[in-house]
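Observations on the three-dimensional arrangement
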Amino acid sequence: MTEGAGSDHGLVLLCEDEPIVALDLKLMIEEAGFRVAGPHARITAALADLDTALVAAVLDVRLKDGDVFPVADALTARSVPLIFHSAHVIEDDIAARFPGARYCPKPVDRNVIGTALMGCAAS
């Protein structure tokens, strides 16, 4: 799914602690027509960057300073749609804790992440 560099579907928070994966995801998100806040490798940095204009968040579960759940909780309180992108997730656990969250297992295809983001932006 490529929307082109001229599209602006909104701002997406990205939390990922692996530099190569973070860069790849950032490019995929931008290709889908979104701007990116991050990538953040630490919970503390992500919590400091919770912009009120976020249309979605792409979250790896394990970051450098712990599990991303405090960020996910803060985003849920703001009604920001969540996309978990991780190899460390059990879908049923995420569904129970964050109803409505989407899940894209690693490695993710750019069409999958683009479709998930467009679904969030439409919500």
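Here the residue numbering is sequential within each chain, running from 1 through the sequence in written order. Restriction of local features to residues with pLDDT of at least 70 applies here, the model being predicted, together with a cutoff of 80 or more for giving and counting side-chain atom pairs; totals for whole chains, interfaces and linings are based on all residues. Excluding hydrogens and water, the side-chain figures rest on all heavy atoms present in the structure.

Turning next to the side chain of Asp17. For Asp17, the location among the structural elements is in the loop between β1 (11–15) and α1 (19–31). For every residue, the accessible area (1.4 Å probe, protein chains only) is compared with the maximum for its type, and the residue is labelled buried under 20%, exposed over 50%, or partly exposed between those bounds. Positive residues here are Lys and Arg, negative ones are Asp and Glu, while His and the chain termini are left out of the count. Salt bridge, as used here, is a side-chain nitrogen of Lys or Arg placed within 4 Å of a carboxyl oxygen of Asp or Glu. Buried charged residue Asp17 carries no salt bridge. Nearest counter-charge: Lys64, at 5.1 Å. If sequence neighbours within four positions are ignored, Asp17 has contacts with Ala41, Asp60, Arg62, Leu63 and Lys64. Numbering goes from the N terminus for both helices and strands, where a helix is a DSSP run of H or I of at least four residues and a strand is a run of E of at least two. By definition, residues are in contact when any of their heavy atoms lie within 4.5 Å.

Their axes nearest at 9 Å, the elements α1 and helix α5 (residues 110–122) cross at an angle of 55°. Viewed along their axes, α1 and α5 adopt a mutual orientation that is oblique. At the point where α1 passes α5, the crossing takes the right-handed sense. Mapping the contact onto sequence places Asp24, Leu25, Met28, Ile29 and Glu31 in α1 and Arg110, Ile113 and Leu117 in α5. Looking at the contact of α1 with α5 residue by residue, the class counts come to 5 nonpolar, no polar and 3 charged. To obtain an axis, a line is fitted to C-alpha atoms, over the contacting stretch when the element is a helix, and the angle between two such axes runs from 0 to 180 degrees between their N-to-C directions. Here the angle decides the label: under 35 degrees means roughly parallel, over 145 means roughly antiparallel, 65 to 115 means roughly perpendicular, and every other value means oblique. Definitions for this section: a left-handed crossing has its near helix turned counterclockwise from the far helix by less than a right angle. A right-handed crossing has that turn clockwise. Side-chain classes are defined by residue name, with Ala, Val, Leu, Ile, Met, Phe, Trp, Tyr, Cys and Pro counting as nonpolar, Asp, Glu, Lys and Arg as charged, and the others, Gly among them, as polar.

Our next topic: the packing of aromatic side chains. Pairing of aromatic rings covers Phe, Tyr and Trp, the last counted by its six-membered ring, and requires centre-to-centre distances within 6.5 Å; plane angles under 30 degrees mean stacked, over 60 mean edge-to-face, and any other angle means tilted. Evaluated as defined, the whole model comprises 3 aromatic pairs. Measuring from centroid to centroid gives 6.4 Å for Phe69 and Phe84, while their planes differ by 50°, and the two rings are tilted. With Phe69 in helix α3 (residues 69–77) and Phe84 in strand β6 (residues 82–84), the pair connects residues that are 15 residues apart, well separated along the chain. Between Phe69 and Phe98, the aromatic rings sit 6.0 Å apart at their centres with planes inclined by 20°, giving stacked as the arrangement.

A few words now on the nonpolar core. Among the buried residues, those of types Ala, Val, Leu, Ile, Met, Phe, Trp, Tyr and Cys that are joined through side-chain atoms within 4.5 Å form a nonpolar core. If you look at the biggest cluster of nonpolar residues, it comprises 22 residues, and the most contacted ones within it are Leu13, Cys15, Leu59, Val71, Leu75, Leu82 and Phe84. For this core, the elements supplying multiple residues, two or more each, are β1, α2 (43–48), β3 (54–59), α3 and β6. If one sorts the elements of this core by residue count, α3 sits on top with 4 residues. In terms of nonpolar packing, the next biggest core, distinct from the first, is built from 17 residues, Leu25, Met28, Cys104 and Cys120 among them.

Geometry only, nothing functional implied.
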